[in-house]
Amino acid sequence: MSSRASIRDQVAAITRRDARLELSYHFQLTMRYVSTVFVVAVFFFIGKLVGDAEPLEQFQGGYFAFALIGLVVMGLAAIGLREVSRTFTGEASAGTLEILLASPTPLSLILAGSLVIPFGLGLIDTSIYLLIGRTLGGVVYTLPGPLLAAPILVLTIGTFVAVGILATAFLVLTRRGEPFTILALQATNLLAGTLYPVEVLPEPLQIAAHLVPAFYGLRALREVLLSGAGLESIWDEALILLAFNVVLLPLSMWALRRALRLARTTGTLASS
Amino acid sequence: MGLVGPNGAGKSTLIRLIAGLLEPTSGRVLVSGQPVSGDGPTPTTGLGLVLEGDRGLYSRLTGVQNLEFFGVMAGLNRVAAHQRALELMESFDLSARDKLVFGYSAGMRMRLSLARALMANPLLVLLDEPTRSLDPVASSQASSLFRKLAADGHGVIVSNHRLDEVVAVCDRVVALVDGRIRFDGAPSELESADSGAQAALVALLADKSQT
């Protein structure tokens, strides 16, 4: 048997490392899920106030179920946007970034591996949201809804990861990546229909919403999970999300590699 | 080989250039005859690296967990990395396998960093000021380890701003001042009275260190 590491070995090693580091902060981990329940409770009571407002009639579960889908997407979006740059800054402050970059493990693998545990924890958040949606909101997620939702969620998250990688390229060059991620997160919150239907926006903003990838993801997820729609109803959204991924992910990796090469020339790599 | 020079001489820069972490503005770096490129670490596969003294470890993991992780990143599979980690913990006198690294002394962290650099049994080991945070006893122990690495067949390049430590441990000394090589030879050449190089170099280093 070869003693050389496979890609699976390397991703598994990064995942084990991150799991051990996360578990070493078990109080923080516990508080994370307590706060998740609190957030859901806030929207449950807002849902009681709003009820089944007119633009929400097509969805089961009223405003509460509608908002839960938005919370799921925004929670995972925040992970996608922030985690790559967090990995960079965390490794740089531990002094491990240069050791990893000088190792034969490809950068793309290091970044992909570093996303496994954050998204794993995010999926636990998602399960809590959906479980509470079923229990308190009375939302019944019938097949094939969840099966169709999974790839849509992956494609939606992919666009946020791409923006997160672009933000990391910005971070490597300027040592500040936050403006990029904050802008992307807030623009998504405003335009994509996270916590309200885009129909309530003025027309110019409704048009601008079409430029935000999460708009398509949220629309498709609500269709399949809350309206019982099938694949034929979300085909367009899925293709548009796929196109965003095909363009943004390679572009963002190219930008990050360029930024790293520039940082190698200017000597700012260690201080990313 | 010891790289010696005052602060700002370019020792760390040279180490990072060899490791592929910096791109040269002119010229090129060859490791084992292969050019080092900024795009990928392939030529550095055979490199072990210790930067910034004893940093570069996850303090909330144990020593073995750190070594296993970096071993897999260096290309070993999990089983081989675990086996190699245990061997190195033993040979570097790091018996506290289950102790988290944040409980390690500076000397233990230094030894663990060295062990990390050796996980994939590299041909060349680059050590940037490895004894910076060590007391004289730990520093002397570390110097013995550097000799042992060289005796085991590893090429070792160690940077230090202290000439006496470099002379005591290295077969070849390269003195850098303002990014330029001012001396390249055996410690014995440096010490020979008639060459006059030592006196000049010591004076130069002392002068630069004060500025």
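Just so you know, these numbers come straight off a predicted model, no measurement behind them.

About the thresholds
- Residues numbered from 1 in each chain as written.
- Chains lettered and ligands numbered in written order.
- Predicted model: local features only at pLDDT ≥ 70, side-chain atom pairs only at ≥ 80, totals over all residues.
- Heavy atoms only, no water.
- Helix = DSSP H or I, 4+ residues; strand = E, 2+ residues; numbered from the N terminus.
- Buried < 20%, exposed > 50% of the residue type's maximum accessible area, 1.4 Å probe, protein only.
- Areas by Shrake-Rupley, 256 points an atom, 1.4 Å probe, with all protein chains shown as cover.
- Core = buried A, V, L, I, M, F, W, Y, C linked by side-chain atoms within 4.5 Å.
- Contact = heavy atoms within 4.5 Å.
- Patch = residues over 30% accessible without salt bridge, like charges linked within 9 Å, V, L, I, M, F, W, Y side chains within 5 Å.
- Salt bridge = Lys/Arg side-chain N within 4 Å of Asp/Glu carboxyl O.
- Buried area = accessible area lost by both parts, 1.4 Å probe.
- Nonpolar A, V, L, I, M, F, W, Y, C, P; charged D, E, K, R; others polar.
- Phe/Tyr/Trp six-rings, centres within 6.5 Å; stacked < 30°, edge-to-face > 60°.
- Lys NZ or Arg CZ within 6 Å of the ring centre and 35° of its normal.
- Pairing = 2+ DSSP bridges.
- Expected span 1.5 Å × (residues − 1).
- Arc of directions from axis to C-beta.
- Polar contact = N/O pair within 3.5 Å; in protein donor to acceptor, adjacent residues only side chain to side chain.

**Details of the overall build of chain B**
Broken down by element type, chain B carries 8 helices and 8 strands. In chain B, which comprises 211 residues, the share counted as buried stands at 54%. Carbon and sulfur atoms make up 50% of the accessible area of chain B, which totals about 9,400 Å².

**Considerations on the nonpolar core**
Counting residues in hydrophobic clusters, the biggest one holds 152 residues, and the most contacted among them are Phe88 and Leu256 of chain A together with Leu49, Leu114 and Leu126 of chain B. Top contributing element to this core by residue count: helix H3 (residues 62-94) of chain A, with 19 residues. Among residues more than four places away in sequence, those in contact with Leu114 of chain B are Val50, Phe92, Leu127, Leu145, Phe146 and Leu149 of chain B.

**Here we look at unusual backbone geometry**
Residues and elements named next belong to chain B. The backbone phi angle of Asp93 is positive, close to 60 degrees, even though this residue is not glycine. Residue class for Asp93 comes out exposed when judged on its relative accessible area of 57%. For Glu129, which is not a glycine, the phi torsion comes out positive at approximately 45 degrees. Mapping Glu129 onto the fold places it in the loop between strand S5 (124-128) and helix H5 (136-151).

**Observations regarding a nonpolar patch on the surface**
Residue and element names in this part refer to chain A. A cluster of nonpolar side chains, Leu231, Trp235, Leu239, Leu242, Val246 and Val247, forms an exposed patch at the surface whose accessible area comes to about 570 Å². Along the polypeptide, Leu239 turns up in helix H10 (residues 231-266). With relative accessibility at 44%, the residue Leu239 sits in the partly exposed group.

**A look at the interface of chain B and chain A**
Residue-level contacts link 34 residues of chain B with 34 residues of chain A. Taken together, the two surfaces of chain B and chain A that pack against each other cover about 3,200 Å², and 57% of this comes from carbon and sulfur. Considering only the surface of chain B that becomes buried against chain A, Leu21, Arg60 and Met73 of chain B emerge as the three largest contributors, covering 20% of it. At the surface where chain B touches chain A, the tally comes to 2 salt bridges. Linking Glu23 of chain B and Arg261 of chain A is a salt bridge whose minimum nitrogen-to-oxygen distance equals 3.3 Å. Those elements that place two or more of their residues in the side of chain B that touches chain A are helix H1 (11-19), helix H2 (63-73) and helix H3 (78-91) of chain B. At 6 residues, H2 of chain B tops the list of elements feeding residues into the side of chain B that touches chain A. Considering only residue class, the side of chain B that touches chain A consists of 16 nonpolar, 9 polar and 9 charged.

**With respect to the pattern of salt bridges**
Going through the model one piece at a time under the given rule, you end up with 13 salt bridges over all chains. A salt bridge links Lys11 of chain B to Glu129 of chain B, with the nearest nitrogen and oxygen atoms 3.7 Å apart. You can see Lys11 of chain B sitting in helix H1 and its partner Glu129 of chain B sitting in the loop between S5 and H5, a full 118 residues away along the chain. The same class applies to Lys11 of chain B and to Glu129 of chain B, which are both buried. One salt bridge connects Asp152 of chain B with Lys148 of chain B, and the closest N-O pair in it is separated by 3.4 Å. Here the residues in one salt-bridge network are Arg17, Asp18 and Glu91 of chain A, joined through shared partners.

**Notes on the packing of aromatic side chains**
The description of an aromatic ring pair rests on the distance of the ring centres and on the angle between the ring planes. Enumeration according to the criterion identifies 8 aromatic pairs over all chains in this entry. An angle of 75 degrees between the planes, with centres 5.6 Å apart, marks the rings of Tyr58 of chain B and Phe69 of chain B as edge-to-face. With Tyr58 of chain B in the loop between strand S4 (47-50) and H2 and Phe69 of chain B in helix H2, this residue pair connects regions lying 11 residues apart in the sequence. Here Tyr58 of chain B matches Phe69 of chain B in class, with each residue buried. An aromatic cluster is built from Phe44, Phe45 and Phe64 of chain A, whose rings are joined through pairwise contacts. Above the face of the Phe70 of chain B ring, Arg116 of chain B is positioned so that its terminal group lies 5.5 Å from the ring centre.

**Some details on the pairing of S5 of chain B**
All names here are of chain B. Counting buried positions over the 5 residues of S5 gives 5, a clear majority of the element. Of the two faces of S5, the one holding Leu124, Leu126 and Asp128 and the one holding Val125 and Leu127 are both buried throughout. As judged from the 4 bridges shared by S4 and S5, these two strands associate in the parallel manner. Bridged to Val50 within S5 is Leu127. Pairing geometry for S5 and strand S6 (residues 155-160), over 5 bridges, is parallel.

**Overview of the environment of Gln60 of chain A**
Residue and element names in this part refer to chain A. Within the secondary structure, Gln60 sits in the loop between helix H2 (26-50) and H3. Distance in space between the C-alpha atoms of Gln60 and Arg32 is 28 Å, their sequence separation being 28 residues. For Gln60, the residues in contact, after removing those within four places along its chain, are Ala65, Gly138, Val139, Val140, Leu225 and Leu226.

**What to know about H5 of chain B**
Residues and elements named next belong to chain B. Its 16 residues give H5 an end-to-end C-alpha distance of 23 Å, which sits within 8% of 22 Å, the value for a rise of 1.5 Å per residue. For H5, every residue scored as buried is listed here: Ala138, Ser139, Ala142, Ser143, Leu145, Phe146 and Leu149. The buried residues of H5 occupy one face: seen down the axis, they fall within an arc of 160 degrees. In H5, the exposed positions angled more than 90 degrees off the buried face are occupied by Pro136, Val137 and Ala151. In this fold, the buried residues of H5 make contact with helix H4 (106-117), S5, S6 and helix H6 (163-169). The opening residue of H5, the one whose side-chain oxygen lies 3.1 Å from the backbone nitrogen of Val137, is Asp135. Just beyond H5, the residue with positive phi is Gly153, at close to 100 degrees.

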